[in-house]
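Chain and residue survey
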Amino acid sequence: MKHQRSLVPLCQVVLSLLISLLLAGSSCVLAQDSSDTEMAKIKALLEKPEPIIWLLTGDSITHGALHTHGRRSYPEHFAERIRWELRRIHDVVINTRISGDRVPGLASDLEHRVLRFQPTVVSIMMGMNDTTAGPEGCEAFRAVYIKLVDRLRAESDALIPIHTPNPITATATRRSDLPAYAQIVREVAEDRGVALCD
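Residues numbered from 1 in each chain as written. Predicted model: local features only at pLDDT ≥ 70, side-chain atom pairs only at ≥ 80, totals over all residues. Heavy atoms only, no water.

**As for the overall build of the protein chain**
In terms of regular secondary structure, the protein chain is built from eight helices and five strands. N-terminal to C-terminal, the α/β element order of the protein chain is α-α-β-α-α-β-α-α-β-α-β-α-β. For the protein chain, restricting intrachain contacts to residue pairs at least 6 apart in sequence, the fraction spanning at least 24 positions comes to 75%. Only carbon and sulfur atoms are counted for the fraction: they give 54% of the accessible area of the protein chain, which is about 9,600 Å². (Helix = DSSP H or I, 4+ residues; strand = E, 2+ residues; numbered from the N terminus. Contact = heavy atoms within 4.5 Å. Areas by Shrake-Rupley, 256 points an atom, 1.4 Å probe, with all protein chains shown as cover.)

What follows is the structure, given as structure tokens:
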């Protein structure tokens with residue numbers, strides 16, 4: 001029971017960060033130096049009446065099945081916030097997550113999981129499973145994440161917020177290198193000019 005309770009705040013934190021990214025733009029954004037940032041473009045979408053296709057992809061945190069123990073996932077909360085609370089009833093929220101997946105998996109399956117939907121916004125929350133490769137996997141993680149963002153830029157018009165990875169639990173020892181991987185995500189966001197939810 002203790003384990004289950006620790007996961008509810010995690011989903012609430014992720015949801016709060018994503019909503020903050022979209023609506024407030026506070027600490028979730030890197031490189032806020034001009035109104036032409038990715039963040040400004042995402043926020044501007046919410047002011048227009050045209051429907052938005054929001055695509056959220058990632059691993060088990062985005063999947064919301066294994067670690068939520070039957071509770072709603074952050075993509076479900078996000079969809080409710082967008083479509084009900086913000087009254088954007090024609091917006092579509094798509095969740096193409098795969099539990100246990102890593103960034104190379106998404107990169108190799110990008111057409112099926114992302115591009116075919118022609119999304120307006122692609123939110124990527126991955127990296128937690130990649131951390132099990134340890135320090136030796138850091139540069140490969142960086143390289144494939146950069147290629148993933150570059151391919152999204154080249155093959156779609158989607159705006160891209162990316163999220164730093166978060167732990168499953170505070171005692172996930174196989175993921176002790178998570179801070180290094182989170183830093184890589186921050187650097188990729190800054191280098192590629194995409195929005196960062198941190």
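**Some thoughts on the sheet that holds strand E2 (residues 92-95)**
One open sheet accounts for five strands, arranged E2-E1-E3-E4-E5; its pairing is parallel. Because the sheet does not close on itself, it has two edges, and the strands there are E2 and strand E5 (195-197). The average undirected angle you get between the axes of adjacent strands in this sheet is 20°. Both strand E1 (residues 53-58) and strand E3 (residues 121-125) contribute to a ladder of five bridges, which runs parallel. Bridging across to E3, Leu56 finds its partner in Ser123. Docked against the sheet, helix H8 (residues 178-192) engages strand E4 (161-163) and E5, running at close to 165° with respect to E4. (Pairing = 2+ DSSP bridges. Axes fitted to C-alpha atoms, helices over the stretch in contact; angles between N-to-C directions.)

**Here's the deal with H8**
Side chains that are three or four residues apart share a direction in an α-helix, a result of its 3.6 residues per turn. End to end, H8 covers 21 Å across 15 residues, agreeing with the expected 21 Å (1.5 Å per residue, within 8%). The complete set of buried residues in H8 reads Leu178, Tyr181, Ala182, Ile184, Val185, Val188 and Ala189. Around the axis of H8, the buried residues are gathered within 155° of arc, so they sit on the same side. The outward face of H8, more than 90 degrees from its buried face, is lined by the exposed residues Pro179 and Glu190. Following H8 by one or two positions, Gly193 has its phi on the positive side, about 70°. (Expected span 1.5 Å × (residues − 1). Buried < 20%, exposed > 50% of the residue type's maximum accessible area, 1.4 Å probe, protein only. Arc of directions from axis to C-beta.)

**Overview of the nonpolar core**
By size, the foremost hydrophobic cluster in this structure holds 29 residues, and its most contacted members are Ile124, Tyr145, Leu148, Leu152 and Ile162. Tallying contributions element by element places helix H7 (residues 138-155) first for this core, with eight residues. Every residue in contact with Ile162, bar those within four places of it in the chain, is listed here: Ile124, Tyr145, Val185, Val188, Ala189, Val194, Ala195, Leu196 and Cys197. By size, the runner-up hydrophobic cluster in this structure holds 13 residues, among which are Leu45, Tyr74, Phe78 and Met125. (Core = buried A, V, L, I, M, F, W, Y, C linked by side-chain atoms within 4.5 Å.)

**Focus: the pattern of salt bridges**
Scanning the model with the defined rule gives nine salt bridges in all. Linking Asp150 and Arg192 is a salt bridge whose minimum nitrogen-to-oxygen distance equals 2.6 Å. Taken as a pair, Asp150 in helix H7 and Arg192 in helix H8 lie far apart in primary sequence, 42 residues in all. Here Arg186 ties to Asp198 by a salt bridge, and the two come within 2.6 Å at their closest N and O atoms. (Salt bridge = Lys/Arg side-chain N within 4 Å of Asp/Glu carboxyl O.)

**Details of helix H2 (residues 38-45)**
Listing the buried residues of H2 in full gives Glu38, Met39, Ile42 and Leu45. Angularly, the buried residues of H2 cover 120° about the axis, an arc narrow enough to put them on a single face.

**Here we look at the packing of aromatic side chains**
Taken as a whole, this structure holds three aromatic pairs when the rule is applied. For the ring pair Trp54 and Phe78, a centre distance of 5.4 Å and an interplane angle of 80° mean the geometry is edge-to-face. Taken together, the positions of Trp54 in strand E1 and Phe78 in helix H4 (residues 74-85) put the pair 24 residues apart, joining distant regions of the chain. Residue classification places Phe78 among the buried positions, given a relative accessible area of 1%. Members of the aromatic cluster, connected to one another through ring pairs, are Phe141, Tyr145 and Tyr181. Over the face of the ring belonging to Trp84 we find Arg87, whose NZ or CZ atom lies 4.1 Å from the ring centre. (Phe/Tyr/Trp six-rings, centres within 6.5 Å; stacked < 30°, edge-to-face > 60°. Lys NZ or Arg CZ within 6 Å of the ring centre and 35° of its normal.)

**A closer look at the environment of Gly127**
As for its position among the elements, Gly127 is in the loop between E3 and H7. Residues Gly127 and Asp59, spaced 68 residues apart in sequence, show a C-alpha to C-alpha distance of 8.2 Å. Apart from residues no more than four positions distant in its own chain, Gly127 is found in contact with Asp59, Val103, Phe141 and Pro165.

No statement about biological role is implied by the geometric values presented.
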